[in-house]
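# Descriptive structure summary
Residue strings, one per chain:
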Amino acid sequence: MTTHRFGLRSGLALGFALLAASLAAPCAMAQQAEAPQKPGKPIHAGEVLSGELSALRVRAGKQGKRVATYQITSEPRRLPAPNGLCNLETGPETFQLVTTSDAQTTQLKRLVGKEISVKIDEVACAQDAGQVSEAIVTKWSVVTK
């Protein structure tokens, strides 16, 4: 048996199918229109890295003592071989600055939240679990503008 509402139901289903297809087509075209991102510019020892400095509090050591960690957020950069892109599409954007003295720590405390430039001497990809940035800068110096 057929009901008198059969035509109404099939017309409604066809309308929903057309609506879904018309909404999905622009999304698919937008995804195709996105160009693949290029890897960042290479950075080598002796070059300058600029970006905003931020301070993070992380737990370090056996007792889990809270330590201030500083990081620069910059444009994506490509590290020297063998590190390269650090298993990222465009390369690291966050660089952790490892402080080796109290003088470096005090210097960075005053600059938190500001744009700074740092001369890079040694940089590598982050590998340990406690490292919060994508790349680690172990030897550096602040460049005055």
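Structure: above.
All figures in this text were calculated on a predicted structure; none of them were measured in a lab.

## Some words on the side chain of Ser133
- One can find Ser133 in the loop between strand 6 (115-125) and strand 7 (135-143).
- A distance of 2.6 Å separates a polar atom in the side chain of Ser133 from a polar atom in the side chain of Gln71.
- From its side chain, Ser133 meets the backbone nitrogen of Gln96 in a polar contact 3.4 Å long.
- Other than its neighbours up to four places away in sequence, Ser133 contacts Gln71, Thr94, Phe95, Gln96 and Ala126.

## A few points about the pairing of strand 6
- For strand 2 (residues 48-60) and strand 6, the ladder comprises five bridges, and the chain directions are antiparallel. For Ser50, the partnering residue across the bridge sits in strand 6 and is Ser117.
- Direction of pairing for strand 6 relative to strand 7: antiparallel, over a ladder of eight bridges. Bridged to Cys125 within strand 7 is Ala135.

## Thoughts on the nonpolar core
- In terms of nonpolar packing, the biggest core is built from 18 residues, with Leu79 and Leu97 touching the most fellow members.
- Elements with a minimum of two residues in this core: strand 2, strand 3 (65-73), strand 5 (94-97), strand 6 and strand 7.
- A total of five residues in this core trace back to one element, the largest contributor, which is strand 6.

## Regarding the sheet that holds strand 3
- Pairing is mixed around the closed barrel formed by five strands, whose spatial order is 2-3-5-7-6. In this sheet, neighbouring strand axes are inclined to one another by 50° on average, regardless of whether the strands run parallel or antiparallel.
- Contacts from helix 2 (residues 102-111) reach strand 2, strand 3, strand 5, strand 6 and strand 7, with the element oriented near 80° to strand 7.

## As for the pattern of salt bridges
- In the structure shown here, the tally under the stated rule is three salt bridges.
- Here Glu75 ties to Lys41 by a salt bridge, and the two come within 3.3 Å at their closest N and O atoms. In this pair, Glu75 is assigned in the loop between strand 3 and strand 4 (77-78) and Lys41 in strand 1 (residues 41-42), connecting sequence segments 34 residues apart.
- Residues Glu122 and Lys139 are paired through a salt bridge, measuring 3.4 Å at the closest nitrogen-oxygen approach. Note that Glu122 is positioned in strand 6 and Lys139 in strand 7, a separation of 17 residues in sequence.
- Looking at Lys139, the relative accessible area reads 47%, which means it is partly exposed.

## Focus: the environment of Arg78
- Relative to the assigned elements, Arg78 resides in strand 4.
- Along the sequence, Arg78 and Leu88 sit ten residues apart, while their C-alpha atoms lie 9.7 Å from each other.

## A word on helix 2
- Among all positions in helix 2, only Gln104, Thr105 and Leu108 are buried. Taken end-on, helix 2 shows its buried residues confined to a sector of 100°, consistent with a single buried face. When the buried face of helix 2 is taken as reference, the exposed residues oriented beyond 90 degrees from it are Asp102, Ala103, Lys109 and Arg110.
- In this structure, the buried side of helix 2 is in contact with strand 2, strand 3, strand 5, strand 6 and strand 7.
- Once helix 2 ends, the next one or two residues include Gly113, with phi positive near 90°.

Definitions and limits used
- Residues numbered from 1 in each chain as written.
- Predicted model: local features only at pLDDT ≥ 70, side-chain atom pairs only at ≥ 80, totals over all residues.
- Heavy atoms only, no water.
- Helix = DSSP H or I, 4+ residues; strand = E, 2+ residues; numbered from the N terminus.
- Polar contact = N/O pair within 3.5 Å; in protein donor to acceptor, adjacent residues only side chain to side chain.
- Contact = heavy atoms within 4.5 Å.
- Pairing = 2+ DSSP bridges.
- Core = buried A, V, L, I, M, F, W, Y, C linked by side-chain atoms within 4.5 Å.
- Buried < 20%, exposed > 50% of the residue type's maximum accessible area, 1.4 Å probe, protein only.
- Axes fitted to C-alpha atoms, helices over the stretch in contact; angles between N-to-C directions.
- Salt bridge = Lys/Arg side-chain N within 4 Å of Asp/Glu carboxyl O.
- Arc of directions from axis to C-beta.

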